[in-house]
Amino acid sequence: MEPIDYQGTVELKLCEKATERLSPINGILELTPLCNMNCDMCFVRLSPQEMQKQGSVRSGEEWISLAEEMCSAGTLFVLLTGGEPLLHPDFRDIYITLKKMGMILTINTNGTLIDEEWADFFARHKPRRINITLYGKDEATYERLCHYPDGYRRVRKAVRLLMERQVDVKINGSITPKNIHDLDELCSIAEDMNTAWKYDTYMYPASRERLSAFDLQARLSPQEAAAARVRIMEKKEKEEFRQAAARLLEIGNVPEGEPAPSPAKCRAGRSSYVISWQGKMRPCIMLTKPEADVFRLGFSEAWKEITNAVSKIRLNAECSACTMREACQSCAACAFLETGEFDGVPEYMCQYTKETLRLLKDICEKEESRNA
């Protein structure tokens, strides 16, 4: 999972070089597990009572001290997230200090807390981007999915306030059984807002510190998720949809490869890391292992432990030979969360990819038939 959307080839090349050198250029700081919403599918959010049983959030001084080590080690891009990061009592101090260090900052937020005062703050101290999650098309969906009945109005207001102040905003979201019926309208709302936007239809079955099993009813079936993915492609790509579909179909049917266990291919644990609210460094925000106690070990030593552990991860040989491997979104985190093992075969993702390609092929063939 990438911390930010890179802008331009220079940044991409910087990250590619960092990955080759195992340099920690990308960091995610999970400032707090607390959130004013309680979404059914969330894998991080804890109530104050649940958090107190596990510990307390790190202070602003601790995060800032750690950021100095991060900066010295080469971290340039930082995503501040949670929970809801704006709930951290020292958020402003952390944010301003990291920005003064020269770090390029992005924020993940549900948007409901952003009022005129917050919008003015971000106008004075502009981030690279603020990612705001839009969960539904109205208050009914927010009540049903997020148990927060005033969310829709608050998010629309937050986006308006930020855009009026020329703060870059991106709309994100996940499609679940409780908002699938909003899908077309969600895409249209994001388009009308004139922002960048992205809706995911694959949901990792993670629970993390919530200490309860992931509710499988909180995500779509592989077939439903694939159908939603294709609908989003049609909405997003518009007149370029046919070309986008053709590209995915082309890479989704490559010759069978040589079966061999393969290393993790993403940037997690190679140039990217996350530090949980408890101070655990991990390669990916979805995982709880491998992990290292960054406040006890220090940043550099924790990074060495993580890169060493990630270098030993091997994915299933069957996946490396699959004809759909270039189109499949599977990764080490997906395999582990779906199967319990890094080298497991994530059947959900197999079905999701297969159905996506089938639907795209069917659409393309029907279009060709109409044009014949």
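Refer to the structure presented above.
Now for a look at the structure at hand. From a predicted model like this one, the values you see are computed outputs, not experimental measurements.

## Considering the overall build of the protein
In step 1: Helices and strands together make up the secondary structure of the protein, namely 15 helices and 11 strands.
In step 2: With the C-alpha coordinates aligned to their principal axes, the bounding extent of the protein is approximately 65 × 45 × 40 Å.
In step 3: Sorting the 372 residues of the protein into buried and exposed places 51% on the buried side.
In step 4: On the protein, roughly 17200 Å² of surface is accessible, and the fraction owed to carbon and sulfur atoms is 49%.
In step 5: Computed over 50 positive and 56 negative side-chain charges, the inter-centroid distance for the protein is 2 Å.

## Some words on the pattern of salt bridges
In step 1: Enumeration over the complete set of coordinates arrives at 22 salt bridges.
In step 2: Measuring nitrogen to oxygen at the nearest pair gives 3.6 Å for the salt bridge that ties K157 to E116. Taken together, the positions of K157 in helix α7 (residues 151–164) and E116 in helix α5 (residues 116–124) put the pair 41 residues apart, joining distant regions of the chain.
In step 3: In this structure, the salt-bridge partner of D168 is R129, at a minimum N-O distance of 3.0 Å.

## Remarks on the packing of α5 against α7
In step 1: Where α5 meets α7, the closest approach of the two axes is 9 Å, and the angle between their N-to-C directions is 35°. Handedness of the crossing formed by α5 with α7: right-handed. Where α5 abuts α7, its residues E116, A119 and F122 lie against K157, L161 and L162.

## Regarding helix α3 (residues 60–73)
In step 1: In this model α3 runs 20 Å from its N-terminal to its C-terminal C-alpha over 14 residues, within 8% of the 20 Å that 1.5 Å per residue would give.
In step 2: For α3, the full list of buried residues reads G60, W63, I64, L66, A67 and M70. Buried positions in α3, seen along its axis, are confined to an arc of 165° and lie on one side of it. Away from the buried face of α3 by more than 90 degrees, exposed residues E61 and S72 are located.
In step 3: Among the structural elements, β1 (26–30), β2 (77–81), α4 (91–100), β8 (272–275), α11 (294–297) and α12 (299–311) are those in contact with the buried residues of α3.
In step 4: At the exit of α3 stands G74, carrying a positive phi of roughly 115°.

## Notes on the pairing of strand β3 (residues 104–109)
In step 1: Looking at chain direction, β2 and β3 are connected through four bridges and run parallel. Of the residues in β3, the one forming a bridge with V78 is L105.
In step 2: Direction of pairing for β3 relative to strand β4 (residues 129–133): parallel, over a ladder of four bridges. Along β4, the bridge assignment pairs I107 with I130.

## Some remarks on the packing of helix α10 (residues 241–251) against helix α15 (residues 347–371)
In step 1: Two numbers describe how α10 lies on α15: the axes approach to 10 Å, and their chain directions differ by 130°. Considered as vectors, α10 and α15 are oriented oblique to each other. Of the two elements, α10 crosses α15, and the hand of that crossing is left-handed. Residues F241, R242, A245, L248 and L249 of α10 pack against T356, L357, L360, K361, I363, C364, E367 and E368 of α15.
In step 2: The residue inventory of the contact of α10 with α15, partitioned by class, reads eight nonpolar, one polar and four charged.

## Points about the sheet that holds β2
In step 1: Spatially, nine strands are ordered β6-β5-β4-β3-β2-β1-β8-β9-β10 in an open sheet, and the strand pairing comes out mixed. Looking at the sheet topology across the chains shown, the edges are occupied by β6 (196–200) and β10 (292–293).
In step 2: With two bridges joining them, strand β9 (residues 280–282) and β10 adopt antiparallel strand pairing. Of the residues in β10, the one forming a bridge with M281 is A292.
In step 3: Set on the sheet, α4 makes contact with β1, β2 and β3; between it and β3 the angle comes to about 150°.

## Some remarks on the nonpolar core
In step 1: The biggest cluster of nonpolar side chains holds 108 residues, and the ones touching the most others in it are F91, F122, I132 and I171.
In step 2: The element best represented in this core is α15, accounting for seven residues.
In step 3: Ignoring anything within four residues of it in the chain, the contact list for F122 reads L86, F91, Y95, I107, P127, I130, L162 and V167.

## Structural notes on the pairing of β1
In step 1: β1 sits mainly inside the fold: five of its five residues count as buried.
In step 2: By the alternation rule, side chains of β1 split into N26, I28 and E30 and G27 and L29, which are all buried.
In step 3: Looking at chain direction, β1 and β2 are connected through five bridges and run parallel. When the bridges of β2 are listed, L29 appears paired with L80.

Rules of the game
- Residues numbered from 1 in each chain as written.
- Predicted model: local features only at pLDDT ≥ 70, side-chain atom pairs only at ≥ 80, totals over all residues.
- Heavy atoms only, no water.
- Helix = DSSP H or I, 4+ residues; strand = E, 2+ residues; numbered from the N terminus.
- Buried < 20%, exposed > 50% of the residue type's maximum accessible area, 1.4 Å probe, protein only.
- Areas by Shrake-Rupley, 256 points an atom, 1.4 Å probe, with all protein chains shown as cover.
- Lys, Arg positive; Asp, Glu negative; His and termini not counted.
- Charge placed at Lys NZ, Arg CZ, Asp CG, Glu CD.
- Salt bridge = Lys/Arg side-chain N within 4 Å of Asp/Glu carboxyl O.
- Axes fitted to C-alpha atoms, helices over the stretch in contact; angles between N-to-C directions.
- Left-handed = near helix turned anticlockwise from the far one by under 90°.
- Contact = heavy atoms within 4.5 Å.
- Expected span 1.5 Å × (residues − 1).
- Arc of directions from axis to C-beta.
- Pairing = 2+ DSSP bridges.
- Parallel < 35°, antiparallel > 145°, perpendicular 65-115°, else oblique.
- Nonpolar A, V, L, I, M, F, W, Y, C, P; charged D, E, K, R; others polar.
- Core = buried A, V, L, I, M, F, W, Y, C linked by side-chain atoms within 4.5 Å.

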